[in-house]
Amino acid sequence: MPDQIPPLPRQRALPEPDRMLETILADEPRPRRWLPMVAATTLAVALAAGATAWWYDSREPDPSAGYLGSPSPATPTASPARPTTSSAGTNGTGSTGTGRSSTGAPTSAAASPSRWVDANGTAHFVDAGTATFTHFSVTVEPGAPTPVAGQWSRRVRVCVRELGPAPVDGRTRISWDPWTLEQDGVRAQKVVDDSRQRPSYPLEKWFAPQECATGVITFTGEATQDATLTYRNADYGETAVWQISGKK
Amino acid sequence: MPASDDVLDWELLRSADESAFTSLFERHRDRIYNFCFRRLSDWSRAEDATQAVFLQLWRRARAGQVEALRGDTALPVLFTMAHQECLTQQRTLARRTSLTQRLRQVRTRERCDADEWLQAEHTMQLIREALATLPEGQREVIELVCWAEMSIAEAAATLGVAEGTIKSRLSRARTTLAGSPAAHLVEADHA
């Protein structure tokens, strides 16, 4: 053994993590065995909603275009309803797909009884799930955080996928603004400074692509009452709605 | 890092949730990268191994083959995968990039001190040679507990052995290295 052994080299940050992440996510197309079933289901939903102006793009993403897929499919893309789990803290929802839309319509929302896309391109979910839009992916996680009397809370996450036309220092703003809650048809008050629910969702913060804002959003209301949680980004029209049951 | 973040993300990952995978990747990528470097003494191969670990995880998620998380953190699972990946890389005659190529890589990819980059690799090789006298099991415990700052329980979960085994291996390693120039490598406040 040498007379002196130096200390461990200092740790380094992984170089170019965003590129690595994109490479991983673009690894392979999703299995397509489900495609006919999903296409039939979503077509039925579309017809029921009176929507004839959009259709599902069955093309696989172009690997050369990065994990976002080919640049200009003008319509939402279906993704499979994944097998669900029933572990503690989840009701078994949550699935995303890839693709992109030139509108505010979600790029993924698997058609199933618990998630669908309406004629306006609004993604609908029951209880929980992720809507993946062009600029953001928006997740409402299953289950309520620690209950507080007179308050309704959910843990949510908004991730930046793509910057808009006017980013500031390579970042875009994520705030409370897009979130609203209704119970019994009445819009609830936002509770943006309650220290009992941590980590709280940021009131306003700037994020780069691939970064996420995660936290609890809280409104005045009753946790045991049914609620309609809406995310609507005013800049891009990216809209998703979660129907959340108050019953356990 | 709140443990619940990993639990929630892992549960969503089992449904191939892309944003959950992204969160797990962002949270743990650097620790896996540095763990792989300390096994391989090579930054480039550590990067390859890190990508292989997360790629494998994402493929499993897409195939619906991710098992439920047993603890509060995903680290034991990720370290186990990284451990296996590093073993694979060590066993295969991995392509050795020439010094010139590696210098070019570091100069174009990062504006860092190339000398420091190479010095770290050389230092790591010295350290691994110094620890070569220890049995593999003891070296693994040093890597996880002293270097990767895992708890005894997490290291036990990673290696699939009892916590008592981790403690005894660590104790034997410290006894062996006591008074040697490598003694400082097995010091850790929490171990």
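Up top you'll find the structure we're talking about.
Residues numbered from 1 in each chain as written. Chains lettered and ligands numbered in written order. Predicted model: local features only at pLDDT ≥ 70, side-chain atom pairs only at ≥ 80, totals over all residues. Heavy atoms only, no water.

1. Concerning the overall build of chain A
Here comes step 1: Per the secondary structure count, chain A includes two helices and twelve strands.
Here comes step 2: Per-residue burial over chain A gives 50% buried out of 248 residues.
Here comes step 3: For chain A, the proportion of contacts with a sequence separation of at least 24, taken over those separated by at least 6, is 64%.
Here comes step 4: Put simply, chain A shows about 11,800 Å² of open surface, and 53% of that area lies on carbon and sulfur atoms. (Helix = DSSP H or I, 4+ residues; strand = E, 2+ residues; numbered from the N terminus. Buried < 20%, exposed > 50% of the residue type's maximum accessible area, 1.4 Å probe, protein only. Contact = heavy atoms within 4.5 Å. Areas by Shrake-Rupley, 256 points an atom, 1.4 Å probe, with all protein chains shown as cover.)

2. Some remarks on the nonpolar core
Here comes step 1: With 61 residues, the main nonpolar core has Phe21, Cys36, Leu57 and Leu131 of chain B as its most contacted residues.
Here comes step 2: Once you skip the residues sitting within four places of it in the chain, Cys36 of chain B turns out to touch Ala46, Ala49, Thr50, Ala82 and Cys86 of chain B.
Here comes step 3: In terms of nonpolar packing, the next biggest core, distinct from the first, is built from 27 residues, Phe133, Val138, Trp152 and Val158 of chain A among them. (Core = buried A, V, L, I, M, F, W, Y, C linked by side-chain atoms within 4.5 Å.)

3. Brief notes about the side chain of Asp9 of chain B
Here comes step 1: Locating Asp9 of chain B in the fold gives a position in helix H1 (residues 3-13).
Here comes step 2: Its relative accessible area of 2% is what places Asp9 of chain B among the buried residues.
Here comes step 3: Polar contacts involving the side chain of Asp9 of chain B include one to the side chain of Arg27 of chain B, which spans 2.6 Å.
Here comes step 4: Aside from chain neighbours lying at most four places away, what touches Asp9 of chain B is Arg157 of chain A together with Ala20, Ser23, Leu24 and Arg27 of chain B. (Polar contact = N/O pair within 3.5 Å; in protein donor to acceptor, adjacent residues only side chain to side chain.)

4. A word on the packing of helix H7 (residues 136-147) of chain B against helix H8 (residues 152-159) of chain B
Residue and element names in this part refer to chain B.
Here comes step 1: Where H7 contacts H8, the axes come no closer than 9 Å and their chain directions differ by 135°. Judged by the inter-axis angle, H7 sits oblique to H8. When the axes of H7 and H8 are compared, the crossing they make is right-handed. Contacts between H7 and H8 involve Glu140, Val141, Leu144 and Val145 from the first element and Ile152, Ala155, Thr158 and Leu159 from the second.
Here comes step 2: Its residues placed into classes, the contact of H7 with H8 shows six nonpolar, one polar and one charged. (Axes fitted to C-alpha atoms, helices over the stretch in contact; angles between N-to-C directions. Parallel < 35°, antiparallel > 145°, perpendicular 65-115°, else oblique. Left-handed = near helix turned anticlockwise from the far one by under 90°. Nonpolar A, V, L, I, M, F, W, Y, C, P; charged D, E, K, R; others polar.)

5. Thoughts on H8 of chain B
Residues and elements named next belong to chain B.
Here comes step 1: For H8, the set of buried residues is Ile152, Ala155, Ala156, Thr158 and Leu159. Here the buried residues of H8 occupy an arc of 160° about the axis, which is enough to place them on one side.
Here comes step 2: Where H8 is buried, its residues touch helix H4 (75-91), H7 and helix H9 (163-177). (Arc of directions from axis to C-beta.)

6. Describing the sheet that holds strand S4 (residues 136-140) of chain A
Here comes step 1: With respect to topology, four strands assemble into an open sheet ordered S3-S4-S5-S10 (chain A), the strand pairing being antiparallel. If you trace the sheet from one side to the other, it starts and ends with strand S3 (129-132) and strand S10 (212-220) of chain A, each paired once. On average, each strand axis in the sheet is tilted by 20° relative to the strand beside it, whichever way the strands run.
Here comes step 2: Note that S4 of chain A and strand S5 (residues 151-160) of chain A share five bridges and pair antiparallel. By the bridge assignment, Thr139 of chain A is partnered in S5 of chain A with Arg157 of chain A.
Here comes step 3: Here helix H2 (residues 18-40) of chain B sits on the sheet in contact with S3, S4, S5 and S10 of chain A, set at roughly 75° to S5 of chain A. (Pairing = 2+ DSSP bridges.)

7. Quick look at the sheet that holds strand S1 (residues 115-117) of chain A
Residues and elements named next belong to chain A.
Here comes step 1: Taken in spatial order, the six strands make up an open sheet running S1-S2-S12-S11-S7-S8, and their pairing is mixed. The strands lining the two open edges of the sheet, one partner per strand, are S1 and strand S8 (186-187).
Here comes step 2: Alignment of strand S7 (residues 179-183) against S8, held across two bridges, turns out to be antiparallel. Bridge pairing in S8 links Glu182 to Arg187.

8. Re helix H3 (residues 43-62) of chain B
Residues and elements named next belong to chain B.
Here comes step 1: In this model, H3 (20 residues) spans 29 Å end to end at C-alpha, consistent with the 28 Å of a helix rising 1.5 Å per residue.
Here comes step 2: The N-terminus of H3 is capped by Asp42, whose side-chain oxygen sits 2.9 Å from the backbone nitrogen of Ser44.
Here comes step 3: Immediately downstream of H3, the backbone of Gly64 shows phi near 70°, a positive value. (Expected span 1.5 Å × (residues − 1).)

9. Some details on the state of the cysteines
Here comes step 1: Tallied over the entire structure, the rule returns one disulfide over all chains.
Here comes step 2: One disulfide in the model links Cys159 of chain A with Cys212 of chain A; its S-S distance is 2.1 Å. The disulfide joining Cys159 of chain A to Cys212 of chain A has a torsion of about 105° about its S-S bond and is therefore right-handed. Remark: Cys212 of chain A occurs in strand S10 and Cys159 of chain A occurs in strand S5; sequence separation between them is 53 residues.
Here comes step 3: For Cys86 of chain B, which is in no disulfide, the shortest distance to another cysteine sulfur is to Cys36 of chain B and amounts to 3.6 Å.
Here comes step 4: Given a relative accessible area of 0%, Cys86 of chain B falls into the buried group. (Disulfide = S-S within 2.5 Å.)

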